[in-house]
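Here's the letter readout for the chains.
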Amino acid sequence: MTIVPNFQTVVDPQKLEKLAEVAVKVGLRLQPGQDLVITAPIAALSLVRLITKHAYMAGAGIVSTFYSDEETTLARYEYAPDASFDKASDWLYEGMAKAYANGAARLAISGDNPMMLSGQDPSKVARANKANSMAYKPALEKIANFDINWNIVSYPNAAWAKQVFPDVPEEVAVGKLADAIFAASRVDLADPVAAWAEHNGNLRKRSTWLNGERFSALHFTGPGTDLTVGLADGHEWHGGASTAKNGITCNPNVPTEEVFTTPHALRVEGHVSSTKPLSHQGTLIDNIQVKFEGGRIVEAKATKGEEVLNKVLDTDEGARRLGEVALVPHSSPISKSGILFYNTLFDENASCHIALGQCYSKCFLDGASLSQDQIKAQGGNSSLIHIDWMIGSDKVDIDGIRADGARVPVMRKGEWA
Ligand code: ZN
Ligand code: ZN
């Protein structure tokens, strides 16, 4: 028997409380009377308790939390009958979708062991993921379409910390990862809520400039990369705080350093190399090299995890096309920390990135009023997946290309031009 280890002594309780406050006041901007659905690894119990306290202090209606646990997940892979891997708890996701339709906000605490499923049969992992993605779709759509205010924050789970800091004892690793999460989430500052207001203002300046330029494409060049990413018709750049369809302005990701928009699903050409490993549901996929033709990935290689990458690309037709392009300066605090977090929430904020799969409807002008057919007609991609991977570095240049073909420097050597 294993008891969930308690590392509260190495996780600064004041900063943890500030993280809970930022999640409720900045991340969610939870409204009086609003219900809240939380998903969290069991190791994050102390953070869940603090978030729940701050949610009720902010006037929450009902806070409901659903926990995940590594050992129970692995028990399924070890003992469940084969047919189990095509099943998912659809009743649970239907309930979540109903809660969101009734106005609940959603908070996810990330921090699962990124290598949890690395020793498992990749085809079982792929089947379980697919069943889960299909069952989750009604709930995910409400989040991806930004119907509701939502937020993700992180907690330093021990297995995750050991992967990020393999050379120090577990307790030290948890403390170091906690400090890195607190710094990236700006809760090590005296007034985190004010710091977030200033940061959101800076991100808004960038997205306002890009929206004024109305580029038809971005051209990325660097080692192993010569990629033209056409932007969707009527695309809109976002970054930092933004307003959900329910009228609440929230910060979906804590931390966040990116400005991002929707590529055109049919207008991506050239080849691109990843600049950081991608940790995808337990497998590390490294040195990705893909080739696009007419927006579609026609060739995909990786020095590590290639089989998993190709299974991901076969999820559905939209899995081979882009749903997001995002710009992050190489000098972002997360990039400067030099830490590879093996966690998309952090790693995507260290580097320019693209995402395979589902687009965000909010990244269109007047996106809230567009139908799925209109979004598709304007170049928006749809898929069961949305997977970000990093293509930026201090060696990558980006030009904006206007409709008349004129080029404008956007980034040079990884920094805003
Ligand atoms: Zn992104
Ligand atoms: Zn993304």
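Fair warning: this is a prediction, and the values are worked out from it, not measured in the lab. (Residues numbered from 1 in each chain as written. Chains lettered and ligands numbered in written order. Predicted model: local features only at pLDDT ≥ 70, side-chain atom pairs only at ≥ 80, totals over all residues. Heavy atoms only, no water.)

## Quick word on the overall build of the protein chain
Thought 1: Secondary structure assignment for the protein chain yields 12 helices and 21 strands.
Thought 2: For 417 residues, the compact-globule formula gives about 22 Å, and the C-alpha radius of gyration of the protein chain, at 20 Å, lands near that figure.
Thought 3: For the protein chain, the spread of C-alpha atoms along the principal axes amounts to about 60 × 50 × 45 Å.
Thought 4: Here the protein chain holds 417 residues, and 53% of them are scored as buried.
Thought 5: Of the contacts formed within the protein chain by residues at least 6 apart in sequence, a portion of 76% connects residues at least 24 apart.
Thought 6: For the protein chain, the accessible surface area stands at approximately 17600 Å², while carbon and sulfur atoms represent 52% of it.
Thought 7: Across the protein chain, the centroid of the 40 positively charged side chains sits 3 Å from that of the 49 negatively charged ones. (Helix = DSSP H or I, 4+ residues; strand = E, 2+ residues; numbered from the N terminus. Rg over C-alpha atoms; globule rule 2.2 N^0.38 Å. Buried < 20%, exposed > 50% of the residue type's maximum accessible area, 1.4 Å probe, protein only. Contact = heavy atoms within 4.5 Å. Areas by Shrake-Rupley, 256 points an atom, 1.4 Å probe, with all protein chains shown as cover. Lys, Arg positive; Asp, Glu negative; His and termini not counted. Charge placed at Lys NZ, Arg CZ, Asp CG, Glu CD.)

## Details of the coordination of the zinc ion (ligand 2)
Thought 1: Within the first shell, the zinc ion (ligand 2) binds the protein through E324 (OE), H386 (NE2), D388 (OD) and D388 (OD), at distances of 2.0 to 2.7 Å.
Thought 2: Bound by 4 donor atoms, the zinc ion (ligand 2) shows angles of 54 to 146 degrees at the metal and therefore irregular coordination geometry.
Thought 3: The metal-metal distance between the zinc ion (ligand 2) and the zinc ion (ligand 1) is 3.4 Å, with E324 coordinating both. Of the two residues, E324 is situated in strand β16 (residues 322–327) and H386 in strand β18 (residues 386–390); the sequence distance between them amounts to 62 residues.
Thought 4: For E324, a relative accessible area of 2% puts it in the buried group. (Donors = N, O, S within 2.8 Å, 3.2 Å for Na, K, Ca; no water. Tetrahedral: all angles 85-135°; square planar, octahedral: opposite > 155°, others 65-115°.)

## Section: the nonpolar core
Thought 1: L36, L47, I51, L107, I109 and V153 are the most contacted members of the largest nonpolar core, which totals 48 residues.
Thought 2: For this core, the elements supplying multiple residues, two or more each, are α1 (13–28), β1 (36–41), α2 (45–57), β3 (105–110), α6 (158–164), α7 (170–184) and α11 (344–347).
Thought 3: Both domains that meet at this core, namely domain 1 (13–184) and domain 2 (214–238 + 257–416), each give it at least three residues.
Thought 4: W237, V308, L356 and I387 belong to the second largest nonpolar core, which has 41 residues in total. (Core = buried A, V, L, I, M, F, W, Y, C linked by side-chain atoms within 4.5 Å. Domains from an automatic or database assignment.)

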